[in-house]
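Listed below, chain by chain, are the residues.
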Amino acid sequence: MCTNSLSFQSEKESVPYAFKSIKQRWVRRAMGPEDVISFSGGEPTIHPEFFEIIHWFRAEYPKRTIVVVSNGRMFSYLQFTRNILKISNILFEVALHGYDEKSHDSVTRAPGSFRQTVQGIHHILRHKKASQELEIRIVVTKLTYKHLGKILSFVEKEFGAQKIRDIALIFIEMEGQAQDNARVVGISYEKVKKYIESAVHDWSSSFRELRLLHFPLCTIPQILWPYAWRTLREEEVTFLSRCASCLMKKYCLGIHKDYISIMGKGEFKPVRNMKKKIEKGISFYKPIKSISRG
Ligand code: SF4
């Protein structure tokens, strides 16, 4: 279900990711006020120059939040976690795909990965300082959507809900290997809707924050709109011609282009009547703060 293609692992493709090339591209780059420095992958923590790169960014951009999107496995090595926790103002976004070894490892197809990820999360939570935070990410795919409640229950029991900054339920991006394996992991918004609704209903008050990522607003019930975040890059999404008549377009993420090519565009329905009052969110990324019951 990874959004990168297999070719990403080749030596040729990896050249731009050597520390030397990264430095050249990133030295004193202008950024927007809300931008963060995000290390995604593949798996950034196994980059051979990971620590050199991350320390360089910390020094070059001392005030920016650094985000590490990870499978969490390297954090099972305590010394590795202690080393990375020397970096201030850092957010770890760790993916969990199941509620036990069998359900998680059947997605990662790496035996032992659940054990390592769980251990890694414990290490982060035990040793992190106040400026260091953790998000647990659950990618919603055909393999996981029916287990959301069980995964959230596991997270609460295992780690304690209040220690985690937020839980993010992320609808799968159907690109890269996820696109190659679309028959196995691909799913429609329609199918996952009631599971997302139950997950938010049952768990949003237990955790400090619950976020929905990659959901166009018309694919979730109105009551869930304040949980929706806009985190896909502009070039990855599109709007349909019918979206022009939608009252919610200015708050909506748009639709991932690859979703349309694989699953079609039938389920996206413009919102034409809106009697409820919308309170604007804190930023472009969090477009809706609240919605009146109306
Ligand atoms: S119709 Fe288009 S703009 Fe409106 S909520 Fe759906 S995807 Fe967003």
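Nothing here was measured: the structure is a model prediction, and the numbers come from that model.

## Observations concerning helix α3 (residues 50-60)
- Along α3, the positions that sit buried rather than exposed are F50, I53, I54, W56, F57 and R58.
- Its buried side turned inward, α3 meets α2 (19-26), β1 (37-39), β2 (66-70), α4 (78-84) and β3 (90-95).

## A word on the pattern of salt bridges
- Using the criterion set out here, one finds 9 salt bridges in the structure.
- A salt bridge links D166 to R165; its shortest N-O distance comes to 2.8 Å.
- Connected via shared salt-bridge partners are E93, E135, R137, R165, D166, E209 and R211.

## A word on helix α10 (residues 189-203)
- Spanning 15 residues, α10 covers 20 Å between terminal C-alpha atoms, matching the ideal 21 Å at 1.5 Å per step.
- Considering bend angle alone, the principal kink of α10 is centred on Y195 and spans about 25°.
- Burial in α10 covers these residues: Y189, V192, I196, A199, V200 and W203.
- Summarising the contacts, the buried residues of α10 are in contact with β4 (132-140), α7 (148-159), β5 (166-171), β6 (210-213) and α11 (257-263).

## Points about the packing of aromatic side chains
- Considering all chains together, one arrives at 22 aromatic pairs under this definition.
- Grouped by ring-pair contacts, the aromatic residues W26, F39, F50, F51, W56, F57, Y61, F75, F80 and F92 constitute a single cluster.
- In this arrangement the basic side chain of R230 is found over the ring face of F284, its NZ or CZ atom lying 4.0 Å from the centre.
- Over the aromatic face of F239 sits the side chain of K249, whose NZ or CZ is 4.9 Å from the ring centroid.

## Considerations on the sheet that holds β1
- Strand order across the open sheet formed by 7 strands is β1-β2-β3-β4-β5-β6-β7, with parallel pairing between neighbours. At either end of the open sheet lies a strand with only one pairing partner, and these are β1 and β7 (228-229).
- Helix-sheet contacts for α10 involve β4, β5 and β6, and the interaxial angle to β6 is about 165°.

## A few points about unusual backbone geometry
- We note that R28 has phi near 40°; this positive angle belongs to a residue other than glycine.
- Looking at where R28 falls in the secondary structure, it is placed in the loop between α2 and β1.

## Observations regarding the nonpolar core
- Counting residues in each nonpolar core, the largest one holds 76 residues, and the members touching the most others are F92, V155 and I196.
- In contact with I196, other than residues within four places in its own chain, are V140, L148, L169, L212, F215, I220 and L224.

## A word on the packing of α7 against α10
- Where α7 meets α10, the closest approach of the two axes is 9 Å, and the angle between their N-to-C directions is 25°. Viewed along their axes, α7 and α10 adopt a mutual orientation that is roughly parallel. Here α7 runs over α10; the crossing is right-handed. On α10, the residues that touch L148, G149, L152, S153 and E156 of α7 are Y195, I196, A199 and W203.
- Taken together, the residues of the contact of α7 with α10 sort by class into 6 nonpolar, 2 polar and 1 charged.

## Quick notes on a positive patch on the surface
- Positive charge collects at one region of the surface, where K142, K146, R183, K191 and K194 lie side by side.
- Relative to the helices and strands, K191 resides in helix α10.

## Focus on the side chain of S188
- Checked against the element boundaries, S188 lands in the loop between α9 (182-185) and α10.
- Among the polar contacts made by the side chain of S188, one reaches the main-chain amide nitrogen of K191 at a distance of 3.1 Å.
- With residues up to four places along the chain from it excluded, the contact list for S188 reads F171, Y259, M263 and E267.

## Quick notes on the packing of helix α5 (residues 101-108) against helix α6 (residues 113-127)
- Axis separation between α5 and α6 bottoms out at 8 Å; the angle between their running directions is 105°. Taken together, α5 and α6 sit at an angle that is classed as roughly perpendicular. Side by side, α5 and α6 meet where E101, H104, D105 and T108 of the first sit next to S113, F114, R115 and T117 of the second.
- Considering only residue class, the contact of α5 with α6 consists of 1 nonpolar, 4 polar and 3 charged.

## Observations regarding the side chain of E135
- Structurally, E135 can be placed in strand β4.
- Looking at E135, the relative accessible area reads 2%, which means it is buried.
- If sequence neighbours within four positions are ignored, E135 has contacts with L91, F92, E93, V94, I164, R165, D166, A168 and R211.

How each quantity is defined
Residues numbered from 1 in each chain as written. Predicted model: local features only at pLDDT ≥ 70, side-chain atom pairs only at ≥ 80, totals over all residues. Heavy atoms only, no water. Buried < 20%, exposed > 50% of the residue type's maximum accessible area, 1.4 Å probe, protein only. Helix = DSSP H or I, 4+ residues; strand = E, 2+ residues; numbered from the N terminus. Contact = heavy atoms within 4.5 Å. Salt bridge = Lys/Arg side-chain N within 4 Å of Asp/Glu carboxyl O. Expected span 1.5 Å × (residues − 1). Bend = angle between axes of the 7 residues up to and from the residue. Phe/Tyr/Trp six-rings, centres within 6.5 Å; stacked < 30°, edge-to-face > 60°. Lys NZ or Arg CZ within 6 Å of the ring centre and 35° of its normal. Pairing = 2+ DSSP bridges. Axes fitted to C-alpha atoms, helices over the stretch in contact; angles between N-to-C directions. Core = buried A, V, L, I, M, F, W, Y, C linked by side-chain atoms within 4.5 Å. Parallel < 35°, antiparallel > 145°, perpendicular 65-115°, else oblique. Left-handed = near helix turned anticlockwise from the far one by under 90°. Nonpolar A, V, L, I, M, F, W, Y, C, P; charged D, E, K, R; others polar. Patch = residues over 30% accessible without salt bridge, like charges linked within 9 Å, V, L, I, M, F, W, Y side chains within 5 Å. Areas by Shrake-Rupley, 256 points an atom, 1.4 Å probe, with all protein chains shown as cover. Lys, Arg positive; Asp, Glu negative; His and termini not counted. Charge placed at Lys NZ, Arg CZ, Asp CG, Glu CD. Polar contact = N/O pair within 3.5 Å; in protein donor to acceptor, adjacent residues only side chain to side chain.

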